[in-house]
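# Close look at the chain arrangement
As a plain string of letters, each chain reads:
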Amino acid sequence: MSKELTQITNKFEGEKETQRQLLYIEKAKEYVIGLQKELGHKPTCCVTTFGCQMNARDSEKLAGILELAGYELVEEEDADFVIYNTCTVRDNANQRVYGRLGHLNSLKKKNPHKKIALCGCMMQEPSVIEKIKKSYRFVDLIFGTHNIYKFAELLVAMFEADGMVIDIWEGTDQIVEDLPVERKYPFKSGINIMFGCNNFCSYCIVPYVRGRERSRSPKDIIREIEALVADGVVEIMLLGQNVNSYGKNLEEPMTFAELLMEIEKIEGLERIRFMTSHPKDLSDELILVMKNSKKICRHLHLPLQSGSTRILKEMNRRYTKEQYLALAEKIRREIPDIAITTDIIVGFPGETPEDVDETIDVINKVKYDNAFTFIYSKRTGTPAAAMENQVPEEVVKEGFDRVLKVVQETARERVSLMEGMTLDALVEELNEQDPTLVTARLSNNTIVHFKGDASLIGKIVPVYLKECHGFYYLGEMLTEG
Ligand code: 5AD
Ligand code: SF4
């Protein structure tokens with residue numbers, strides 16, 4: 001079939017699938033009503049998210065379906081239905097899931113109607129499914145990343161089954177639009193613009209559990225954002241594992257920068273964020289579009305992973321230390337007020353203290369506004385897991401501490417540069433520790449707390465940045481007049 005015909009067929013199939021799932025939601029509703037009669041109260045459900053922004057967005061989709069099916073969403077895991085949306089990017093995420101499952105089992109013993117479901121990246125690993133089948137028999141439903149749009153259908157299957165329902169797919173080219181979503185924040189939202197990843201960095205499990213790269217059509221993306229804006233959203237975060245390669249495989253190819261220009265035109269939308277950028281694909285066109293934009297936030301997350309060209313090659317990152325530095329310099333030159341943040345891995349196989357020195361050199365030169373530093377985690381099935389020269393734990397720890405120290409020092413230095421400025425901030429919530437304060441986010445992603453009340457939530461207001469406290473500010477809102 002031609003590419004064009006495949007895409008038309010997929011779209012048609014996608015629309016049919018949406019209708020099917022809406023019917024399953026109706027069917028699930030009947031089961032939930034039945035359950036309500038038995039329980040004597042509206043059944044409750046809890047969606048727990050592990051991992052990245054993509055998973056957070058998927059969880060909003062799960063919550064949307066559960067709510068429409070008649071569940072009441074709660075935060076506590078003693079709910080009548082609990083679903084864990086899992087992550088497997090590093091092994092500690094897996095271990096946390098296993099640890100918490102034991103607790104869920106004890107809650108289930110007290111509530112025989114309780115159902116437990118697991119989904120997300122970790123479920124795409126065959127060894128995980130084997131372990132759950134063997135040691136966690138009390139789980140009722142398991143599915144993966146490719147069939148999440150079938151959640152309503154799977155819920156019905158769970159209600160009708162005697163034992164554990166398992167449905168894991170190896171991949172899909174299906175993108176199903178227009179299913180219900182329950183947003184965590186009324187004023188901001190994530191939007192998937194693409195799924196999967198084709199980069200195969202040698203340490204990373206994502207391409208295996210999220211499948212090949214697929215871009216949504218710009219029309220569908222714009223339509224979704226317009227609907228969100230009509231519903232009160234002022235800030236959006238465009239989500240993809242590698243947004244810079246957006247649109248390459250579309251029927252009418254389009255660059256990420258072109259997509260941004262279209263999104264910029266949406267009236268009522270105030271802020272545009274995106275995540276994540278791969279340095280190898282970041283174009284001059286994108287830098288120019290960001291520079292000229294009134295809406296694209298002054299923040300770029302640009303994962304470095306390592307500052308050593310030798311290790312970068314082993315990681316299959318496809319850029320050198322010098323290329324990365326030149327790119328960061330160009331971005332800072334063109335957009336001086338931009339914040340650059342990054343991800344760093346310490347302890348990749350074969351990494352020496354000299355390689356760590358190279359990473360530290362890049363940190364000192366770029367001066368990140370924030371950096372997430374991770375200890376390398378061996379993921380079965382990735383090329384790096386089979387590499388021989390795994391680094392001993394004590395050596396990794398020593399390198400990790402050195403990197404962290406420099407990251408903290410340089411980030412403090414960068415963030416403190418804004419002291420005394422007045423900048424716009426989007427108020428997100430009441431401060432957790434002190435409810436006389438609100439917590440807001442600057443365009444460059446820095447957090448600022450200041451006196452205010454709940455009526456400000458969702459508004460963009462000018463804030464005087466009075467005191468820098470490491471990674472955040474205490475400020476004062478400027479009022480007119
Ligand atoms: N070990 C440690 N960190 C990893 N990441 C991805 N895979 C691994 C791994 N096996 C980190 C990368 C990536 C971030 C999302 O997670 O830094 O950018
Ligand atoms: Fe993993 Fe690399 Fe893809 Fe990011 S770009 S998801 S690190 S394979």
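Residues numbered from 1 in each chain as written. Chains lettered and ligands numbered in written order. Predicted model: local features only at pLDDT ≥ 70, side-chain atom pairs only at ≥ 80, totals over all residues. Heavy atoms only, no water.

### Let's talk about the overall build of the protein
The line we're drawing: Helix numbers and strand numbers start at the N terminus; a helix is a DSSP run of H or I with at least 4 residues, a strand a run of E with at least 2. Atoms considered for the radius of gyration are the C-alpha atoms alone. The globule rule reads 2.2 Å times the number of residues to the power 0.38. Burial classes: relative accessible area under 20% of the type maximum marks a residue as buried, over 50% as exposed, and values in between as partly exposed (1.4 Å probe, protein chains only). Every residue pair with non-hydrogen atoms within 4.5 Å of one another is taken to be in contact. Accessible areas in this description were obtained via Shrake-Rupley with a 1.4 Å probe; residue shielding takes into account the shown protein chains only. Residues scored as positive are Lys and Arg, those scored as negative are Asp and Glu, and His as well as the terminal groups of each chain are ignored. Lys charges are placed at NZ, Arg charges at CZ, Asp charges at CG and Glu charges at CD.
In terms of helices and strands, the protein carries 13 helices and 19 strands. Against the globule reference of 23 Å for 481 residues, the protein gives a C-alpha radius of gyration of 23 Å, in line with a compact fold. When the 481 residues of the protein are sorted by exposure, 55% land in the buried category. Relative to all contacts within the protein whose residues are 6 or more apart in sequence, the contacts with residues 24 or more apart total 74%. Approximately 22000 Å² of the protein is accessible, and the part contributed by carbon and sulfur atoms is 52%. Charge-centre separation for the protein: the mean point of 62 positive side chains lies 2 Å from the mean point of 75 negative side chains.

### Quick word on the site of ligand 1
Operational definition: A single heavy atom is enough: if one lies within 4 Å of a molecule or strand, its residue is considered near that molecule or strand. Each polar contact in these results corresponds to two N or O atoms within 3.5 Å; when the atoms are within protein, one needs to be able to donate a hydrogen and the other to accept it, and residues that are neighboring in sequence are counted only if both atoms are side-chain atoms.
Residues in close proximity to ligand 1 include Val89, Arg90, Tyr203, Gln305, Asp343, Ile345, Phe374, Ile375, Tyr376, Ser377 and Arg379, which together make up its full environment. Measuring from a nitrogen atom of ligand 1, one finds a backbone N or O atom of Tyr203 at 3.0 Å. Here Ser377 contributes a backbone N or O atom positioned 2.8 Å from a nitrogen atom of ligand 1. Calculation on ligand 1 without its partners gives an accessible area of 410 Å², and the protein chains cover 85% of this total. Of all elements in the fold, only β13 (339-346) and β14 (370-375) reach the threshold of two or more residues within the shell around ligand 1.

### Focus on empty space enclosed by the protein
As a reminder of what qualifies: Grid points spaced at 1 Å and placed over the protein atoms alone form the basis of the search, with a cavity being a set where a 1.4 Å probe fits but cannot get out and a pocket an open set showing protein on both sides within 12 Å along at least five of seven lines. Lining residues have an atom within 4 Å of a point. Grid points are joined across faces, edges and corners, and a volume is the space filled by probe spheres set on the points. Residues are sorted three ways: Asp, Glu, Lys and Arg are charged, Ala, Val, Leu, Ile, Met, Phe, Trp, Tyr, Cys and Pro are nonpolar, and all the rest, Gly among them, are polar.
Tallying each qualifying case throughout the model produces two cavities of 30 Å³ or more. By volume, the largest cavity is sized at about 60 Å³. Lining the largest cavity we find Val346, Gly347, Glu351, Thr352, Pro353, Val356, Val391, Val395, Val396, Glu398, Gly399 and Arg402. At the level of secondary structure, the elements contributing two or more residues to the lining of the largest cavity comprise α12 (353-366) and α13 (393-416). Among the elements that line the lining of the largest cavity, the one with the most residues is α13, at five residues. Residues that form the lining of the largest cavity fall into these classes: six nonpolar, three polar and three charged. The volume enclosed by the second largest cavity comes to roughly 30 Å³. Forming the boundary of the second largest cavity are Met237, Arg273, Phe274, Met275, Cys297 and His299. Of the residues forming the lining of the second largest cavity, the biggest block, three residues, is contributed by strand β11 (residues 271-275). Residue classes in the lining of the second largest cavity are distributed as four nonpolar, one polar and one charged.

### Comments concerning the site of ligand 2
Around ligand 2, the neighbouring residues are Cys197, Asn199, Phe200, Cys201, Tyr203, Cys204, Val206, Pro207, Gln241, His278 and Arg317. When its residues are assigned to classes, the shell around ligand 2 shows seven nonpolar, three polar and one charged.

### Section: the pattern of salt bridges
Side chains that differ in charge, positive against negative, can pair when their charged atoms come close. Let me state the cut-off plainly: Salt-bridge detection follows one rule: a side-chain nitrogen of Lys or Arg within 4 Å of a carboxyl oxygen of Asp or Glu.
Here the structure, examined in full by the defined rule, presents 37 salt bridges. Among the salt bridges present, the one from Glu262 reaches Lys265, with a minimum N-O distance of 2.9 Å. Exposure remark for Glu262: the relative accessible area of 34% places this residue in the partly exposed category. Note that Glu358 is salt-bridged to Lys321, the shortest N-O span being 3.2 Å. Here Glu358 is found in helix α12, whereas its partner Lys321 is found in helix α11 (residues 321-334), with 37 residues between them in sequence. With a relative accessible area of 31%, Glu358 lands in the partly exposed category.

### Description of the sheet that holds β14
So the rule is basically this: A pair of strands is considered paired only if DSSP assigns at least 2 bridges between the two. The convention used is that axes are lines fitted to C-alpha atoms, helices contributing only their stretch in contact, and that angles between N-to-C directions extend from 0 to 180 degrees.
What the three strands build is an open sheet, ordered β12-β13-β14; its pairing is parallel. Because the sheet does not close on itself, it has two edges, and the strands there are β12 (299-301) and β14. Along the sheet, successive strands turn relative to each other by an average axial angle of 15°, direction set aside. Running over the sheet, α13 touches β13 and β14 and is turned about 175° from β14.

### What about the side chain of His299?
Tracing the backbone shows His299 in strand β12. Reaching out from His299, the side chain makes a polar contact with the side chain of Thr341 at a distance of 2.8 Å. Not counting residues up to four positions away in its chain, the partners in contact with His299 are Arg273, Met290, Ile338, Ala339, Thr341, Ser443, Asn444 and Asn445.

### Focus on the nonpolar core
The condition that has to hold: Note on terminology: a nonpolar core comprises buried Ala, Val, Leu, Ile, Met, Phe, Trp, Tyr and Cys residues joined through side-chain atoms within 4.5 Å.
In this structure, Ile225, Leu238, Phe256, Ile263 and Phe274 are the most contacted members of the largest nonpolar core, which totals 70 residues. Apart from the residues lying within four places of it in its own chain, the contact partners of Phe256 are Ile193, Leu238, Val243, Asn244, Tyr246, Phe274 and Leu286. Val32, Leu35, Ile83 and Ala117 belong to the second-largest nonpolar core, a separate cluster that totals 26 residues.

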